[in-house]
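As a plain string of letters, each chain reads:
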Amino acid sequence: MYKPVSNKIDFAAMEKDILTLWAKEDTFQKSMTERKSASEFVFYDGPPFATGLPHYGHLLAGTIKDIVPRYQTMRGHYVDRRFGWDCHGLPVEYEVEQDLEISGKTEIEKMGVDKFNEACRSIVLRYTREWREIVTRMGRWVDFDRDYKTMEPTYMESIWWVFKALWEKGLIYEGSKILPYCPRCSTPLSNFETNQGYRDVADPAITIRFKLDNEPNAYILAWTTTPWTLPSNMALAVGKDITYVRVKEKDAVYYLAKARFAEYYKKPEQYESVTELKGSELLRLTYEPLFPYFADKKAEGAFRVVNADFVSTEDGTGVVHIAPGFGEDDYRLGLAEQIPVVCPVDEEGRFTAVIKDYAGQDVKKADHPILARLKEEKKLVHRSQILHSYPHCWRCDTPLIYRAISTWFVKVEQIKDRLIEANKKVHWVPEHLRDGRFGKWLEGARDWAISRNRYWGTPLPIWRSKDGDEMVCVGSIEELEQLSGQKISDLHKHNVDKLEIPSRNGKGTLKRIPEVLDCWFESGAMPYAQAHYPFENKEHFESHFPADFIAEGLDQTRGWFYTLMVLSVALFDKPAFKNVIVNGLVLAKDGKKMSKRLKNYPDPVHVINSYGADALRLYMVNSPVVRTEDLCFSEDGVKHVLRDVLIPLWNAYSFFVTYANIDGWHGDGTSGCSSNNVLDRWIRSSLESLAVKVTTAMDNYDLQNAARPFVGFIDDLTNWYIRRSRRRFWKSQDDDDKEQAYRTLSYVLIQLSRIAAPFIPFMSESIYQNLRSKGMPESVHLCGFPVPDGSNRDEELEEQMAEVMTVVKLGRLLRAEKDLKIRQPLASMHVVSRNPEILRRIETRMDIIIDELNVRKLEFGVHETELADLKAKPDFKRMGPRLGPLVKAAAGVIAKMDGKTIENILSGAKISLSVNGQNVEVDSNDIIVERIPRKGLVVASEGPVIVALETELSSDLIQEGLAREFVNKIQNMRKTADFEVTQRIKINFTSDAEIKEAVMKFIDYLKTETLCLDLNFVQSKPAGANDWDINGHSCAIEVIPVKK
RNA sequence: GGGCGUGUAGCUCAGUUGGUUAGAGCGCGUCCCUGAUAAGGACGAGGUCACUGGUUCGACUCCAGUCACGCCCA
């Protein structure tokens, strides 16, 4: 006995049972340990932050990260899957600041970095329990017990090793970076934070004149919205290809962009003459500094006109004031042009003593006095206001300033060629990312700023003397213990900052620099750090790097994909991964971003509980989101997966179990499934084709094309194989055919559960558990993935069946046209084709068609012109290349050919056509023939097959039609009464003479079909009878259940 | 502003090296079927393949440009 299966199923409940089973049997562990000695398939899991709950993006990536390892496990590989947690970084620090109601560096240092960091440590794993629950509920098998955490000492130690390896390769240097900076909080802000704080504000927009050195009374006009940066002006930038004008006024000369001229000179009397020149002609000019503070920098190359490609003429004067200490473009330009950098602003955003007139003043507040002074010195030409979007501190709402911050870098540009080279070895899904988005990003790669002026992160392992001359980079705990003479158990800032290293050169003690590492450096080091390489697992790691597979979202192009690549290339000159699936964004139904605030998407837990994790998994994976396209999440879509795939599959399974139990049939597990029944052979062959399709797609990491064929197969299984085979399962005698049907269906269901296991692990397991026999592995996930061996494959049979289906489709079409329901038997159907091969094949499968279409016989013929007119057109693919421009004219001639000519050609004749005076030879391969059914006949055609229906009804046929109609009514009554399928019944009915005669004529057929033991005609309507209309005859039927 | 991607039926998506009737599912309408099905089948309506130009005998497909949307970067 199989466990009885209801066709009313609660998917979520079924899945929870499976979870319990897996937990009890420790199935996941077994799938690993059983393959411990097998070849390894290496998977790396990117670490999420556990400070928030998982959303659809995580569920999607998690599903992909489950399907591939499950598949590879079934292919015989050992696939270690360790979950990881990203523990460090700003998001955690913000959470803690909010929890502790403090804000900014000053307050953190006041309370103590040790307390702050320990607070971070205490909350960072806040939601790990919820994550584990949801990830597990989604059916993802991943090892949470051996998870890696970026804050663990072993992990951090490996990061130090990575850092030192880079250091020793000369890939680390200290430089400056222009960052958004909050003067009140005394801290630089990340891009992410900056983006949160844009607000529209009014700022001064001023035009200043810079006096040129070599032309008397001549000035360049520049424009700025940050007057306070003017004392730090070091250069003026123009675009070398932009057209400028030299404007002569009465007593002075001005230079500005031609495109901006009209903004400044609205009346002709303002100037005397205007001449044009290119920006390149301005490049050698030098000018007088606006302020005296850095006048000495002129010797170092300051105060000249330089070229910059970022100059535009959209606003201002087409000349950009350059203060390399206060703007990113300015800074880079400064480096390129060797312009000195000055940054006379302190940590609190006040001018330093160098700017003696404004020393100690808040820079923003100094705008006004600076303006007043410029005006007084007649350097201010124009003044207005601009309303623009400007970043503010998201915490304290202070306008941010951009300023140079000392930062440590990885020399990415130096290894760029190797990065590009390594990337070529990676198989990206979708492919275009390799040379597209990711490749382009690598080509434009800049040095990577890896230090953060924060607290909760892996400290940069650099100790330095007070004068900065002596530096030690530490690469391990042991090394630090030796150098410092202290025992160390934790590597966080508050612990290692206390440690000092004695100088080797008599420079007193070396102290650690204050910065911590960018958390992207930490996650990029994950391949090494999760294994505590090279301190442990050295050989294993080196023989199992790079990973075979990773999968994350498109947002990781600049994130994890990039940092993995940079570090692995820097260390080993290899990519860190061989195959990568990049998923797109999961958006709300309306195409907008999912937003908790707007509640524009259903809660994942609700979706899982309503439709099941299998449905959600299959919905996501059978969509272009696994190829980086966006997915507009639709609950209806999940429902449809359920309806189109999962419910039919479940019902096929439930059908099988129901009848197998009735017959007491059980698979012995040893049998193959050889059968001489054509349906059996066909479905097995289709199954084999399915396995081939899935395997091919999966080996190519193409999940969508791996998931898609299930839909078609399940349709074939339920709506053709089972529907056509139904009666084979009801036959009361246990003949061979019935045995073959059971064997085949059980084989197909078991194999299907194995093919589907990676995608819908719950339902696959549920089916497998019930159908498996003793000798088989105890879980579908411990099975091998079906290997197509070809012995069950019969592609010709698959094509034949497709032909049969076509004929059936045509027959149904004709019946529908003539309003003849299938229950009404018809005398015969004609199948006509000039191709005897096709006729022969259809004849072989004649019984299926006769049964399906309820016709007494099929008649075959070759004379298609009796039923249809022939029309021809050229096969352009053949004739196009041959005829070139003539093909259009030829098409016209061919279209006019009569049926006889076409028949001749089809029979093998070669015809010579005259096309625009040229001879064109045409044979049967050159044309495509269309069959147009003759009007007035019941004829339909598709491809080379024509079908015609005999629609005349004899009294015999009418009587059989009535009998079948009668059966149908009884079946409906059985169903309404909710009888068991094996329930025997007694029938009393009353009707007119015609029905009575038909029923009595087919009484044996009727009784067999309806499991009726006793069928009686009665004179008056029985008490429990239902009234029916049978083809226009009225009739009353009573159905009474009887014991066997 | 730059890079990448997307644009095909009301909706979700297929569409192979260019080949002449552009497909599927859902939804809608009509009919059929039901002794597994929250079902199933057939038919029908529904398309300027975003737009413009080019290459070609022939373009949804290749090329150039434009527009819209998305993501990333600035």
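Reading the values: the criteria
- Every chain is numbered on its own, with residues counted from 1 as its sequence reads.
- Whichever chain is written first is A, and whichever ligand is written first is 1; the rest continue in order.
- Local features in this predicted model are restricted to residues whose pLDDT is 70 or higher, and side-chain atom pairs enter the listing and the counts only when it is 80 or higher, whereas totals over whole chains, interfaces and linings include all residues.
- To get the side-chain values, all heavy atoms of the structure are used, and hydrogens and water are removed first.
- Confidence of the predictor at the level of single residues is given by pLDDT, which spans 0 to 100.
- A carboxyl oxygen of Asp or Glu within 4 Å of a side-chain nitrogen of Lys or Arg is what we treat as a salt bridge.
- Categorising residues by exposure relies on relative accessible area from a 1.4 Å probe, with only protein chains included: less than 20% of the type maximum marks a residue as buried, more than 50% marks it as exposed, and the intermediate range marks it as partly exposed.
- Numbering of helices and strands runs from the N terminus, with a helix taken as a DSSP run of H or I at least four residues long and a strand as a DSSP run of E at least two residues long.
- Here the expected length of a helix is defined as 1.5 Å per residue gap, with one fewer gap than residues.
- A 3.5 Å cut-off defines polar contacts: any pair of N or O atoms within that distance qualifies, except that in protein one atom must be a possible hydrogen donor and the other a possible acceptor, and neighbouring residues in sequence count only when both atoms are side-chain atoms.
- Pairing between strands requires that DSSP locate at least two bridges from one strand to the other.
- Axes here refer to lines fitted to C-alpha atoms; in helices the fit is confined to the stretch in contact. Angles between the N-to-C directions go from 0 to 180 degrees.
- Here, residues are in contact when the closest pair of their heavy atoms is within 4.5 Å.
- Whether a residue is near a molecule or strand is decided by its heavy atoms; if any one of them lies within 4 Å of it, the residue is near.
- Any Phe, Tyr or Trp ring, taking Trp's six-membered ring, that has another such ring centre within 6.5 Å forms a pair; planes under 30 degrees apart are called stacked, those over 60 apart edge-to-face, and the others tilted.

Caption draft 1: Broad picture of the confidence of the model for chain A. Averaged over every residue, the pLDDT of chain A is 87; the share at 70 or more is 98%. Interface predicted TM-score (ipTM) for the complex: 0.84; the corresponding pTM is 0.85.

Caption draft 2: Main features of the pattern of salt bridges. Using the criterion set out here, one finds 74 salt bridges in the structure. Between Lys 149 and Asp 147 there is a salt bridge; the shortest N-O distance is 3.3 Å. Judged by relative accessible area, which is 17%, Lys 149 ranks as buried. Through salt bridges that share partners, Asp 45, Lys 65, Arg 140 and Glu 552 make up one connected network.

Caption draft 3: Geometry of helix α25 (residues 678-699). For α25, spanning 22 residues, the distance from its first C-alpha to its last is 31 Å, which sits close to the expected 32 Å at 1.5 Å a residue. Most of α25 is tucked away, with 17 of its 22 residues classed as buried. For α25, the N-terminal cap is Asn 677; the gap from its side-chain oxygen to the backbone nitrogen of Leu 679 is 2.6 Å.

Caption draft 4: The sheet that holds strand β35 (residues 984-991), seen in detail. Across the sheet, four strands lie side by side as β36-β35-β38-β37; this open sheet has mixed pairing. Across the chains shown, the open sheet's two edge strands, defined by having one partner strand only, are β36 (1012-1017) and β37 (1026-1030). Put simply, the sheet's adjacent strands are angled 30° from each other on average, direction ignored. Here five bridges tie β35 to β36, and the two strands are oriented parallel to one another. Paired with Asn 988 across the bridge in β36 is Asn 1016. With respect to the sheet, helix α37 (residues 993-1001) is in contact with β35, β36, β37 and β38 (1033-1042), its orientation differing from that of β35 by roughly 150°.

Caption draft 5: A look at the sheet that holds strand β14 (residues 401-410). Across the sheet, which stays open at both edges, the four strands sit in the order β4-β3-β14-β16 with antiparallel pairing between neighbours. Strands at the two margins of the open sheet, each flanked by one partner only, are β4 (187-188) and β16 (448-449). Bridge analysis of β14 against β16 gives two bridges, and the strand direction is antiparallel. Looking across to β16, one finds that Phe 409 is bridged to Ala 449.

Caption draft 6: The protein's contact with RNA strand B, seen in detail. Taken together, 58 residues form the shell around RNA strand B, and within it Arg 437, Arg 558, Arg 823, Lys 873 and Phe 876 come nearest. At the protein interface, 59% of the atoms of RNA strand B within 4 Å belong to sugar or phosphate. Here a base oxygen of RNA strand B sits 3.0 Å away from a polar atom, N or O, in the side chain of Glu 930. Of all elements in the fold, only α15 (437-443), α24 (635-663), α27 (709-730), α30 (795-818), α33 (876-883), α34 (887-895), α36 (955-976) and α38 (1003-1010) reach the threshold of two or more residues within the surface near RNA strand B.

Caption draft 7: Geometry of the packing of aromatic side chains. Evaluated as defined, the whole model comprises 57 aromatic pairs. Judged by centre distance (5.0 Å) and plane angle (70°), the rings of Trp 22 and Trp 141 are edge-to-face. Linking Trp 22 in helix α1 (residues 11-25) with Trp 141 in the loop between α7 (128-137) and β2 (143-149), this pair joins segments that are 119 residues apart in sequence. Each member of the pair, Trp 22 as well as Trp 141, is classed as buried. An angle of 90° between the planes, with centres 5.5 Å apart, marks the rings of Tyr 619 and Phe 633 as edge-to-face. Taken as a pair, Tyr 619 in helix α23 (residues 613-621) and Phe 633 in the loop between β26 (631-632) and α24 lie far apart in primary sequence, 14 residues in all. The pair Tyr 619 / Phe 633 is uniform in exposure class, with both members buried.

Caption draft 8: Region of interest: unusual backbone geometry. For the bond running from Val 429 to Pro 430, omega is 0°, close enough to zero to count as cis. Topologically, Pro 430 is positioned in the loop between β15 (427-429) and α14 (432-435). Backbone geometry at His 532 places phi at a positive 55°, although glycine is not the residue there. Mapping His 532 onto the fold places it in the loop between α19 (526-529) and α20 (538-543). Residue classification places His 532 among the buried residues on the basis of a relative accessible area of 9%. Positive phi, normally seen in glycine, also occurs at Asn 854, with a value near 55°.

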